[in-house]
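Now for the letters of each chain:
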Amino acid sequence: KELGPGNLPSLIICPTSVVNNWQAEAEKFFANCPVILYTGSNRAVQRTAIRRRLKRPSHSLAGPLVVTSFDIARRDSKLLNQIPWLYVVVDEGHNIKNPSAKRTKAIKAIRGEHRLVLTGTPIQNKLEELWSLFDFAMPGFLGTRTGFRNKYGRYDEIDWDAVRQGPDSLKDRIRPFVLRRLKESVATDLPSKIVV
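As a starting point, this report considers the structure included with it. (Residues numbered from 1 in each chain as written. Predicted model: local features only at pLDDT ≥ 70, side-chain atom pairs only at ≥ 80, totals over all residues. Heavy atoms only, no water.)

So, the environment of His94
Inference 1: Note on placement: His94 falls in the loop between β4 (85-91) and α5 (102-108).
Inference 2: Linking His94 and Leu190, residues 96 residues apart in sequence, is a C-alpha distance of 25 Å.
Inference 3: When near neighbours in sequence (up to four residues on either side) are disregarded, His94 contacts Thr119, Thr121, Gln124 and Leu133.
Inference 4: Among the polar contacts listed, one links the side chain of His94 to the side chain of Thr119, at a separation of 3.1 Å. (Helix = DSSP H or I, 4+ residues; strand = E, 2+ residues; numbered from the N terminus. Contact = heavy atoms within 4.5 Å. Polar contact = N/O pair within 3.5 Å; in protein donor to acceptor, adjacent residues only side chain to side chain.)

Overview of the nonpolar core
Inference 1: Of all hydrophobic cores here, the largest spans 19 residues; its most connected members are Leu11, Ile13, Trp85, Ile107 and Ile110.
Inference 2: Elements represented by at least two residues in this core include exactly β1 (10-14), α3 (70-75), β4 and α6 (128-137).
Inference 3: Apart from the residues lying within four places of it in its own chain, the contact partners of Ile107 are Ile13, Phe70, Ala73, Val90, Ile96, Arg115 and Phe136.
Inference 4: Grouped together as the second largest cluster of nonpolar side chains are 12 residues, Leu130, Tyr152, Ala162 and Val163 included. (Core = buried A, V, L, I, M, F, W, Y, C linked by side-chain atoms within 4.5 Å. Buried < 20%, exposed > 50% of the residue type's maximum accessible area, 1.4 Å probe, protein only.)

Details of helix α2 (residues 43-54)
Inference 1: Counted at 1.5 Å a residue, the expected span for α2 with its 12 residues is 16 Å, and the 17 Å between its end C-alpha atoms agrees.
Inference 2: Along α2, the positions that sit buried rather than exposed are Arg43, Gln46, Arg47, Ile50 and Arg53. Along the axis of α2, the buried positions cluster into a sector of 120 degrees, meaning they face one direction only. Turned more than 90 degrees away from the buried face of α2, the exposed residues are Val45 and Arg52.
Inference 3: Residues of α2 that are buried in the fold lie against β2 (35-37), β3 (65-69), α3, α4 (77-80) and β4. (Expected span 1.5 Å × (residues − 1). Arc of directions from axis to C-beta.)

Dropping the structure here:
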């Protein structure tokens, strides 16, 4: 809103357990931004309210922040894709780590002018999970899924040289887009880890 007039809504997709947290935090930090919980059985009414706001003059008010869960985003992805989103943000992005899953495909189909992925666990089991996150946020940046596998490896057969070093290493390619904070710099009051 600070960059100019506009009333496009933004969509936050998160686990059901934190939908209300997103609402509370958004209302605290974005005073002039309405928050719509896209949950429950009255979602058709909520979609109508979002579309009605889009018809108002773009300078009249900020676009709403719409918060929904992964399951509802999967079920309503075609309906949500009919709304022009300014941002589509996936919180706890490791929920879309499997590129073959129906949930991942449905959420990746929702278009927005900008996309963000938030996760503390970009890789849990295999390197390809990182590709899936980037495929949502920046489609094509890490190539196709097959090309990624051929270049960096798959499963336990990882080409660590291609990942760590070289002119086109995976580490160097993703560095500008990854904000990594260590526990020591964030939670200074926690004691050091003790390994027994």
